[in-house]
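# Residue-level structural notes
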Amino acid sequence: MSEAAALPLMMVFGALTVLLVRSREIRWWQALIIFLFGIYAALTPIVWTVTGLVQWFIARFTA
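Read on for an overview of the structure. Residues take numbers from 1 onward in each chain, read along the sequence in its written order. In view of the model being predicted, local features appear only for residues whose pLDDT reaches at least 70, and side-chain atom pairs are presented and counted only at 80 or more, with totals across whole chains, interfaces and linings using the full set of residues. Hydrogen atoms and water are omitted, and side-chain values are computed over all heavy atoms in the structure.

### Some words on the environment of I26
We apply this condition: Going along the chain from the N terminus, every DSSP run of H or I of four or more residues is numbered as a helix, and every run of E of two or more is numbered as a strand. Classification of residues uses two cut-offs on accessible area relative to the type maximum, computed with a 1.4 Å probe and protein chains only: under 20% is buried, over 50% is exposed, and between them is partly exposed. Contacts are residue-level and defined by heavy atoms, with any inter-residue pair within 4.5 Å sufficient.
Tracing the backbone shows I26 in the loop between α1 (3–22) and α2 (28–42). The buried category is assigned to I26, whose relative accessible area is 16%. Residues within four places of I26 in sequence aside, it is in contact with T17, L20, V21, A31 and I34.

Right, here's the structure in full:
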């Protein structure tokens, strides 16, 4: 995955995690697990599915 493709994905998941932590829906250790899962998912083929979904979402709602 190129850096240009990973940046929107990182921003979406990062923003979602920050919002969940700030709303006290999850604790800091749960956010850490989400972060570690994101790193793991980036190393597997599922990253292409998630990247496609994020690109579709961005294209659909920014146009």
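### Observations concerning the packing of aromatic side chains
The condition is simple: Only rings of Phe, Tyr and Trp enter the pairing, Trp through its six-membered ring, and a pair is recorded when the two centres are within 6.5 Å. The plane angle decides the type: under 30 degrees is stacked, over 60 is edge-to-face, the rest tilted.
As enumerated under the stated definition, the model contains 2 aromatic pairs in all. Centre to centre, the rings of W56 and F61 are 6.5 Å apart; their planes meet at 80 degrees, and the pair counts as edge-to-face. Between F57 and F61, the ring centres sit 4.6 Å apart and the planes meet at 50 degrees, which makes this aromatic pair tilted. Highlighted residues: F57 and F61, both in helix α3 (residues 46–62), separated by 4 residues, approximately one helical turn. Through a chain of ring-to-ring contacts, the aromatic side chains of W56, F57 and F61 assemble into a single cluster.

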